[in-house]
Amino acid sequence: MTASTHTESFLDSCLSGATGSRNTMASAVFIPDMRMNDARQEWQDQLTSLQQWVCELLIKNQQLRMALMEMKAKEPGGVREQ
């Protein structure tokens, strides 16, 4: 698998999200009054926001890692990709 293919599949998995885990976490919240749906939606919104941040950080990390590998490869006697 090339670095480009690996990055594309990684990005696809980040962008698709984990809808199953959102529903599981939200259903674990128990509030015995009429605000249960509001609380569930708030948890889902917060979880979605955190997932987006994590994906953005992972994408940025991968971009920086690839740029560093390119810089090292261009140096005389640089490290080769494995």
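Cut-offs and rules
Residues numbered from 1 in each chain as written. Predicted model: local features only at pLDDT ≥ 70, side-chain atom pairs only at ≥ 80, totals over all residues. Heavy atoms only, no water. Helix = DSSP H or I, 4+ residues; strand = E, 2+ residues; numbered from the N terminus. Buried < 20%, exposed > 50% of the residue type's maximum accessible area, 1.4 Å probe, protein only. Contact = heavy atoms within 4.5 Å. pLDDT = per-residue confidence, 0-100. Expected span 1.5 Å × (residues − 1).

To continue, consider the overall build of the chain. Scanning the chain from terminus to terminus reveals three helices and zero strands. In the chain, the succession of α and β elements from N to C terminus is α-α-α. Within the span of the chain, comprising 82 residues, buried residues form 12% of the whole. Counting only contacts in the chain whose residues sit at least 6 apart along the sequence, the fraction spanning at least 24 positions is 53%.

For the rest of this paragraph, the subject is the confidence of the model for the chain. Counting all residues, the mean pLDDT for the chain is 74, and 51% of those residues have values of 70 or more. Per-element confidence in the chain ranges from a low mean pLDDT of 47 for helix α2 (residues 19-27) to a high of 94 for helix α3 (residues 36-74). Under a pLDDT of 50 for its full length, residues 18-26 has, in the predicted model, eleven contacts with residues more than four places off or in other chains.

A word on α3. Its 39 residues give α3 an end-to-end C-alpha distance of 57 Å, which sits within 8% of 57 Å, the value for a rise of 1.5 Å per residue. Within the span of α3, buried status applies to Ala39, Gln44, Leu47, Cys55, Ile59 and Gln62.

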